Amino acid sequence: MRADADRSSASPAPTRFDHLTLGQRVRFGAGQGRASLADEIERMGARRAMVVAARDERALAEALTSGLAVAVLHDDVVMHVPSEVAARARRVAAEHDVDVLISVGGGSTTGLAKAVALTSGLPIVAVPTTYAGSEATDVWGMTELSRKTTGVDPRVLPRTVIYDAELTLSLPVDISVASGFNALAHCVDSLWAPRADPINGAMAVEGTRALSRGLPAIVEDPRGIGGRELALYGAYLSAVAFASAGSGLHHKICHVLGGMFDLPHAQTHAVVLGCVLALNAPFAPEAAGRLAAALESDDAVTGLARLRDRLGVPAALRDLGMPESGIGAAASAVVEAAPESNPAPVTTESMTSLLRAAWRGGVER
Ligand code: NAD
């Protein structure tokens, strides 16, 4: 699948589509987070803020919000928002009679602020410090008895997002890479997701371009601001594209694998993404050509594999603890869950060979 010059720079001709743009304010600037946040809180006329930040993020949040009218700082954050954790945070918000939620942290922290907004209608100002992208979506998630429920609600979309790359300098390189590869998966999978259209496609391609430059720069110079800024910019675009286009085959596969074998989330994405791209590229030449150009490669599959190797991301599901005996059951579950929009036919045979390749480490061409 070669990306010739014409095809790689071309955008798909707009035909008919129905696109919803979510409304939020985005303020971007390294070192500007504190001033931007103060300005936003004043503009909103808020007087009693609840700051949500996990324990690892607490120091960042305290520095960022000092001088603001903070009623309470809540650091009881747990990944995937267990329902009892959401209930405690909602109680704290009510007891302190807060009028705005300020989340400072990764997707888990943003997720908890969303859980409070979902029932209270309180506005959120989100200050993300990873590349998860939850701040740019109207999707909430909560876990009850190990079962994750998600939903879409306009109340959980942060009113304002403040991106300050300086706040991500303390994010360890391995977490930065895993989180960034997750964002890359949002971009790639958006191109063939159920609501893919030229607008979210443009964001996905530009997000791929930014992440594929930003992540290696972080690995090479973790204290450098340039790579962190590119990664944050790419992460925002990836989340907007994904929220708009919906979940494609890649995300369905990762969901099945995560649920069946309890595999680590970000690493599973990193392994599976190349296999889904190899499956779909021959059936989606335009998307593959645009991805290849964004990855600065003649070929999208090779470009992604090179990036993965450069970042030192795992390459095989067997290394993540998936048993080989689980391939058959997983393939059947993926066929059930696969979106109809997928360009390549999704059959038990094609999913079995894809998962076998992902298990061994490699791609099926
Ligand atoms: P995370 O929020 O759990 O953060 C990972 C770790 O990094 C945590 O220990 C955190 O405290 C720490 N951390 C964060 N920022 C830091 C910083 N600047 N310096 C040092 N440590 C820092 O992980 P994540 O990948 O950001 O988010 C994952 C969660 O987000 C999952 O639950 C996922 O389902 C959810 N998510 C939701 C959406 C959505 O649209 N609703 C989108 C993407 C992800």
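Residues numbered from 1 in each chain as written. Predicted model: local features only at pLDDT ≥ 70, side-chain atom pairs only at ≥ 80, totals over all residues. Heavy atoms only, no water.

**Focus on the overall build of the protein chain**
No. 1: Looking only at helices and strands, the protein chain has 14 helices and eight strands in total.
No. 2: Compactness check: the protein chain gives a C-alpha radius of gyration of 20 Å against a globular reference of 21 Å for 365 residues, within 12% of the reference.
No. 3: If one aligns the C-alpha atoms of the protein chain with their principal axes, the spans along those axes are about 60 × 45 × 40 Å.
No. 4: Within the protein chain, the fraction of its 365 residues that count as buried is 55%. (Helix = DSSP H or I, 4+ residues; strand = E, 2+ residues; numbered from the N terminus. Rg over C-alpha atoms; globule rule 2.2 N^0.38 Å. Buried < 20%, exposed > 50% of the residue type's maximum accessible area, 1.4 Å probe, protein only.)

**Examining the packing of helix α6 (residues 173-190) against helix α9 (residues 249-261)**
No. 1: At a minimum axis separation of 8 Å, α6 and α9 run at an interaxial angle of 130 degrees. Between α6 and α9, the angle falls in the class oblique. Contacts between α6 and α9 pair A185, H186 and D189 from the former with L249, H250 and H251 from the latter.
No. 2: Taken together, the residues that form the contact of α6 with α9 break down as two nonpolar, three polar and one charged. (Axes fitted to C-alpha atoms, helices over the stretch in contact; angles between N-to-C directions. Parallel < 35°, antiparallel > 145°, perpendicular 65-115°, else oblique. Contact = heavy atoms within 4.5 Å. Nonpolar A, V, L, I, M, F, W, Y, C, P; charged D, E, K, R; others polar.)

**Observations regarding the sheet that holds strand β2 (residues 49-52)**
No. 1: With parallel pairing, six strands are arranged side by side in an open sheet as β1-β8-β5-β4-β2-β3. Of all the strands in the sheet, the pair left with one neighbour each is β1 (25-28) and β3 (70-74). Averaged over all pairs of adjacent strands, the angle between their axes in this sheet comes to 15 degrees, without regard to strand direction. (Pairing = 2+ DSSP bridges.)

**What to know about the site of the ligand**
No. 1: In the region of the ligand, 20 residues are neighbours, and G107, S108, T129, T130 and T137 sit closest.
No. 2: Between G107 and the ligand, the recorded distance is 2.8 Å, taken from a backbone N or O atom to an oxygen atom.
No. 3: Measuring from a nitrogen atom of the ligand, one finds a side-chain N or O atom of T129 at 2.7 Å.
No. 4: When the ligand sits alone it has 860 Å² of accessible area, and the protein chains cover 80% of it.
No. 5: If you tally residues by element for the shell around the ligand, the top one is helix α5 (residues 107-120), at three residues.
No. 6: Tallied by class, the residues present in the shell around the ligand amount to seven nonpolar, nine polar and four charged. (Near = heavy atom within 4 Å. Polar contact = N/O pair within 3.5 Å; in protein donor to acceptor, adjacent residues only side chain to side chain. Areas by Shrake-Rupley, 256 points an atom, 1.4 Å probe, with all protein chains shown as cover.)

**Some thoughts on the domain arrangement of the protein chain**
No. 1: Each assigned domain of the protein chain is listed here: domain 1 (25-168) and domain 2 (173-360).
No. 2: The distance between the C-alpha centroids of domain 1 and domain 2 comes to 27 Å.
No. 3: Approximately 1,400 Å² of surface area, both sides summed, lies buried where domain 1 meets domain 2, with 74% of it carried by carbon and sulfur atoms.
No. 4: If you look at where domain 1 meets domain 2, you find zero salt bridges.
No. 5: If you look at where domain 1 meets domain 2, you find three residue pairs in polar contact (both at pLDDT 80 or more).
No. 6: Looking at the side of domain 1 that touches domain 2, its residues break down into eight nonpolar, four polar and two charged. (Domains from an automatic or database assignment. Buried area = accessible area lost by both parts, 1.4 Å probe. Salt bridge = Lys/Arg side-chain N within 4 Å of Asp/Glu carboxyl O.)

**Quick word on the packing of aromatic side chains**
Both the distance between ring centres and the angle between the ring planes are used here to describe each pair of aromatic rings.
No. 1: All chains considered together, the criterion is met by two aromatic pairs.
No. 2: Their ring planes at 70 degrees and their centres at 5.9 Å tell us that Y163 and Y236 sit as a pair that is edge-to-face. One end of the pair, Y163, is in strand β8 (residues 160-163); the other, Y236, is in helix α8 (residues 225-245), with 73 residues separating them in the sequence.
No. 3: By way of ring pairs, the aromatic residues F28, Y163 and Y236 are connected into one cluster.
No. 4: The residue whose ring lies beneath R318 is W359, and the NZ or CZ to ring-centre distance is 5.2 Å. (Phe/Tyr/Trp six-rings, centres within 6.5 Å; stacked < 30°, edge-to-face > 60°. Lys NZ or Arg CZ within 6 Å of the ring centre and 35° of its normal.)

**A closer look at the pairing of β2**
No. 1: The alternating pattern of β2 places A49 and V51 and M50 and V52 on opposite faces, both of which are buried.
No. 2: When β2 meets β3, the two strands line up parallel, connected through four bridges. Bridge assignment links V52 to a residue of β3, and that residue is H74.
No. 3: The parallel pair β2 and β3, bridged by helix α3 (residues 58-65), forms a crossover whose chirality is right-handed.
No. 4: Here four bridges tie β2 to strand β4 (residues 100-105), and the two strands are oriented parallel to one another. Each bridged residue has a counterpart across the sheet, and for A49 the counterpart in β4 is V100. (Right-handed = clockwise from strand over helix to strand, strands pointing away.)

**Things to note about the pairing of β4**
No. 1: Summarising burial for β4: six of the six residues are buried, a large majority.
No. 2: Direction of pairing for β4 relative to strand β5 (residues 124-128): parallel, over a ladder of five bridges. Directly across from V104, in β5, lies its bridge partner V127.
No. 3: In this fold, the crossover linking β4 to β5 by way of α5 has right-handed handedness.

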